[in-house]
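Residues per chain, in single letters:
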Amino acid sequence: MVTQTASNLQPLLPPTSKGVMRSYQVVLKCADQSQREEINNRIRALEERQHQILTPQVIKQAVELYSTNPKEGFFTRQLCKKVRKSPNIAESAFHWLYMAIKGKVEKERKAQGILNFLLKNPQQLIEWIVFGRSPYTERSLEKYWKLKRRYIINLLTSTRAQTDSYWRKKYRPIVISEFLQLNSTLPTRIQTEVLQAIDDTLFYQKHELSLLPHLTKNQQAFMKKLQLLKKEQNIVVPFLTSWINSPQSSRWKSLKALAEQLAIIIGKPNRKLFSAVRQIVIFTLFDHYMQSVPQLVKGLPVENVVPIPFKRKKKGRLPIKLLMKKNYVITRQGNAQELTDQIRKQGWTELGFPKKGKQRLAAQVHFSSKLLEYLNNGANIKVFQVSSGHAPSYKPRVDVVLEGAHGCFHSSTLLHRYLSQIPGKKISTLGVDINRLGQYMLVFNSAVPLPPDLLDLANHYDHLSKKVLDELNRGFLRKRKEYDVHGSCKLKGELKRVYTRRSRILREITRLLPHFLAAVLVKKKCKVLRIERLTADATGTKGALAKAIYTMPDSLFIYKKAVWLASLELGYKVHLESVNPFHTSSNHHNCGGSLVRHKGQYDVAPCTKCGQQVNTHFNAAQNIASLKGTLLPLDPFPSSHV
């Protein structure tokens, strides 16, 4: 039950918060299996018609029309007139085209921001030219745009690939002579130039750090790496020269492998030399690339760098958008307001699927109790979206978009379910340590057991990862060696289904964690939640650490939603603070000693000072709670996006 009304919740919401939209899947119930397959075929035919409408000529005209007036209503009406399409299935197709063009314009703006940033930072510009990536650029834009780093990485690499395509067409002689193509052969360099680059890098870094009043541990460690490479220059220079003069399939991955190889040869296998070696490569190529690259980047039109919508074929088909004001392609009982009132009373409605010369088929759309609660709280139906299903079930999918105030989408059912499982000792500041999926995926500085449903999901995920997928992969390889086409196809489909099941488990865990975390905050009467923001990037790496990072449900969304839910329940704002993650897991909270974790010792490790066997996760949560935190900005939650 909702403990407070929407009006009572309003003071606890951000002052800029407005109405939001949320998309949910609803159940489509058919009379029998044969009818469901026929309905699915009719939806598939509509999707194919929608796909045929989006021709390159129509897309080109739509891009021009969007620049004159970006309002969706005007855009859709004018485009129907311009391309002479009746406002039937075309309006659904043009809705998705409108959204795609809107995304292209936004991507163009971000691509232009990236180019402006790179022109002001020459080292990062050369990193982008050589590798297609730049860690400093990624971190800076992540903070500036407040986006996930994975998005920035994808934007950088895709922009670089599209830039290659444009440069090869426009400046083919220059590109070939200057070796500007990503991951192709770099300009030839001799050992003397690489040796000079090591000296230049060391001199530049010393000068930059001398201007700072205090050096961080990372800056000191970076200087030591450069000094080590300078000391071992007789080994480093030949390897780097060979790497620059040899073609590579991926400069980023091959440089990582080279840095690891150099560390082993030098006799320091545990040293991470990738960043230092990368900067030496930048200084080696600096003079050559800075002669022509800035001028080429300045003249780069971003509209040619960002591809037009639907240039590449998307997997699957676009769903059919059912506009509430009209009655075509798929029929329904009334407009949006009438449907909302009807579903509030009876909990379901009916959709009709007509076909010329065939009998009209109908199916019921049933809403879950959660969606009915949202509708009764004041939310309204905005639109339905229908898409076809695949074999073997042929089950159509129906999504409904609800629109309403923030308070309409607040439900405390899960929170109250978890409250009875949590000890009631009060604590003002709660520190939380998030780890890989399992028994210790969420640990607090106060002992709180993990709920059975979260443990079951984590165990199921582990079972699929370690047993089911391994067996299926071995069977798939065996069938391929035996040239068993039927068996290979069957196992490949099963592998795809297991991977989908595993991703859904992770999504469900991410959905439940905020409610459990909010229940802990409510039961403990907390006023402050302290977290650590980890920035580890496991892209392109393997091993236990990479797997742990990928299975950590570590997202700022989890914390923000938990704080929002707890604030609504407690009646006052719970503050969310971030602490420095440096050594939170390796320093013993009680005595100040160091925890030495060897291979396999991830959960319990001995302290070098007192000799006590310490739970590393509980110890990290205690350290996080005791550190001074930085108050995170109160971004609007829930998000105003669909």
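Structure first, text after, so check above.
Cut-offs used in this document
Residues numbered from 1 in each chain as written. Predicted model: local features only at pLDDT ≥ 70, side-chain atom pairs only at ≥ 80, totals over all residues. Heavy atoms only, no water. Axes fitted to C-alpha atoms, helices over the stretch in contact; angles between N-to-C directions. Helix = DSSP H or I, 4+ residues; strand = E, 2+ residues; numbered from the N terminus. Parallel < 35°, antiparallel > 145°, perpendicular 65-115°, else oblique. Left-handed = near helix turned anticlockwise from the far one by under 90°. Contact = heavy atoms within 4.5 Å. Nonpolar A, V, L, I, M, F, W, Y, C, P; charged D, E, K, R; others polar. Buried < 20%, exposed > 50% of the residue type's maximum accessible area, 1.4 Å probe, protein only. Pairing = 2+ DSSP bridges. Polar contact = N/O pair within 3.5 Å; in protein donor to acceptor, adjacent residues only side chain to side chain. Patch = residues over 30% accessible without salt bridge, like charges linked within 9 Å, V, L, I, M, F, W, Y side chains within 5 Å. Areas by Shrake-Rupley, 256 points an atom, 1.4 Å probe, with all protein chains shown as cover. Salt bridge = Lys/Arg side-chain N within 4 Å of Asp/Glu carboxyl O. Lys, Arg positive; Asp, Glu negative; His and termini not counted. Charge placed at Lys NZ, Arg CZ, Asp CG, Glu CD. Phe/Tyr/Trp six-rings, centres within 6.5 Å; stacked < 30°, edge-to-face > 60°. Lys NZ or Arg CZ within 6 Å of the ring centre and 35° of its normal.

Caption draft 1: Molecular detail of the packing of helix α2 (residues 33-53) against helix α5 (residues 89-120). Axis separation between α2 and α5 bottoms out at 9 Å; the angle between their running directions is 60 degrees. Here α2 lies oblique to α5, going by the angle between them. The way α2 lies across α5 gives a crossing that is right-handed. Seen from α2, the contacting residues are Leu46, Arg49, Gln50 and Ile53; seen from α5, they are Ile89, Ala90, Ser92, Ala93, Phe94 and Trp96. Within the contact of α2 with α5, the residues separate by chemical class into seven nonpolar, two polar and one charged.

Caption draft 2: Just the pairing of strand β6 (residues 380-387), in detail. Of all eight residues making up β6, six are buried, and the element is well covered by its neighbours. Pairing of strand β2 (residues 320-322) with β6, which is carried by three bridges, proceeds in the antiparallel orientation. When the bridges of β6 are listed, Lys321 appears paired with Gln385. Two elements, β6 and strand β7 (residues 397-404), share seven bridges in a ladder whose sense is antiparallel. When the bridges of β7 are listed, Gln385 appears paired with Asp399.

Caption draft 3: Structural detail: the packing of helix α11 (residues 217-231) against helix α14 (residues 274-289). Contact geometry of α11 with α14 gives a least axis separation of 9 Å together with a crossing angle of 65 degrees. Classified by chirality, the crossing of α14 by α11 is right-handed. Seen from α11, the contacting residues are Phe222, Lys225, Leu226 and Leu229; seen from α14, they are Ser275, Ala276, Val277, Gln279 and Ile280. The class makeup of the residues in the contact of α11 with α14 is six nonpolar, two polar and one charged.

Caption draft 4: View of the side chain of Thr241. Relative to the assigned elements, Thr241 resides in helix α12 (residues 233-245). Only 2.7 Å separates the side chain of Thr241 from the backbone oxygen of Val237, close enough to count as a polar contact. Setting aside anything within four residues of it in sequence, one finds Thr241 in contact with Arg189, Ile190, Gln191 and Val194.

Caption draft 5: Representation of the sheet that holds strand β8 (residues 429-434) within the structure. Pairing is mixed across the open sheet formed by five strands, whose spatial order is β9-β8-β10-β11-β14. The sheet is open, and its two borders are formed by β9 (442-444) and β14 (630-631), each paired with just one other strand. Where β8 and β9 come together, three bridges link them in antiparallel fashion. In the strand pairing of β9, Ile434 is matched with Leu442. This element, helix α23 (residues 556-570), spans β8, β10 (528-532) and β11 (575-579) of the sheet and lies at about 175 degrees to β10. Each of β8, β9, β10 and β11 touches helix α24 (residues 616-626); the most contacted strand, β8, lies at about 135 degrees to it.

Caption draft 6: View of the sheet that holds strand β1 (residues 20-29). Strand order in the open sheet formed by seven strands is β2-β6-β7-β1-β5-β4-β3, and the pairing between neighbours is antiparallel. Strands at the two margins of the open sheet, each flanked by one partner only, are β2 and β3 (331-332). Two elements, β1 and strand β5 (residues 361-366), share three bridges in a ladder whose sense is antiparallel. If you follow Val27 over to β5, its bridge partner there is His366. The sheet contacts of α2 involve β2, β4 (348-353), β5 and β6, and relative to β5 the element is tilted by about 95 degrees.

Caption draft 7: Quick look at the pairing of β1. Where β1 lies against β7, seven bridges are found, and the strand directions are antiparallel. Of the residues in β7, the one forming a bridge with Arg22 is Leu402.

Caption draft 8: Quick look at a positive patch on the surface. A cluster of like positive charges, contributed by Arg168, Lys169, Arg172 and Lys311, occupies part of the molecular surface. Structurally, Lys169 can be placed in helix α8 (residues 149-170). Among the residues examined, Lys169 registers a relative accessible area of 70% and is labelled exposed.

Caption draft 9: Quick look at the packing of aromatic side chains. Counted according to the given criterion, the structure contains 14 aromatic pairs. When the centroid spacing of 5.6 Å and the interplanar angle of 80 degrees are considered together, the rings of Phe131 and Trp252 count as edge-to-face. Of this pair, Phe131 sits in helix α6 (residues 122-131) while Trp252 sits in helix α13 (residues 251-266), placing them 121 residues apart in sequence. Residues Phe131 and Trp252 agree in their burial class; the two are buried. Among the aromatic side chains, those forming a connected cluster through ring pairs are Phe131, Trp243, Trp252 and Phe274. Positioned over the ring face of Phe409 is Arg22, at 6.0 Å from the centre of the ring.

Caption draft 10: Structural view of α24. Of all 11 residues that make up α24, eight are buried, and the element is covered over most of its length. Those residues of α24 not exposed but buried are Thr616, His617, Asn619, Ala620, Ala621, Asn623, Ile624 and Ala625. If you follow the buried residues of α24, they end up packed against β8, β9, β10, β11, β12 (604-606) and β13 (613-615). Capping the start of α24 is the job of one residue whose side-chain oxygen sits 3.0 Å from the backbone nitrogen of His617: Asn615.

Caption draft 11: Summary view of unusual backbone geometry. Unusually for a residue other than glycine, Lys146 sits at a positive phi of about 55 degrees. Secondary-structure assignment places Lys146 in the loop between α7 (135-145) and α8. Positioned with a positive phi, Lys525 is a non-glycine residue whose angle comes to about 55 degrees. Summarising the element assignment, Lys525 is placed in the loop between α21 (485-523) and β10. Judged by its relative accessible area of 41%, Lys525 is partly exposed.

Caption draft 12: Structural view of the pattern of salt bridges. Enumeration over the complete set of coordinates arrives at 21 salt bridges. A salt bridge links Glu47 to Arg44, with the nearest nitrogen and oxygen atoms 3.8 Å apart. Of the two residues, Glu47 and Arg44 both sit in helix α2, three residues apart, roughly one turn of that helix. A relative accessible area of 2% places Glu47 in the buried class. One salt bridge in this structure joins Asp484 and Lys479, with 3.5 Å as the shortest N-O distance. On the basis of relative accessibility, which here comes to 26%, the residue Asp484 falls in the partly exposed class. With a relative accessible area of 25%, Lys479 lands in the partly exposed category. Residues joined in a network through salt bridges with shared partners are Glu106, Arg109 and Lys110.

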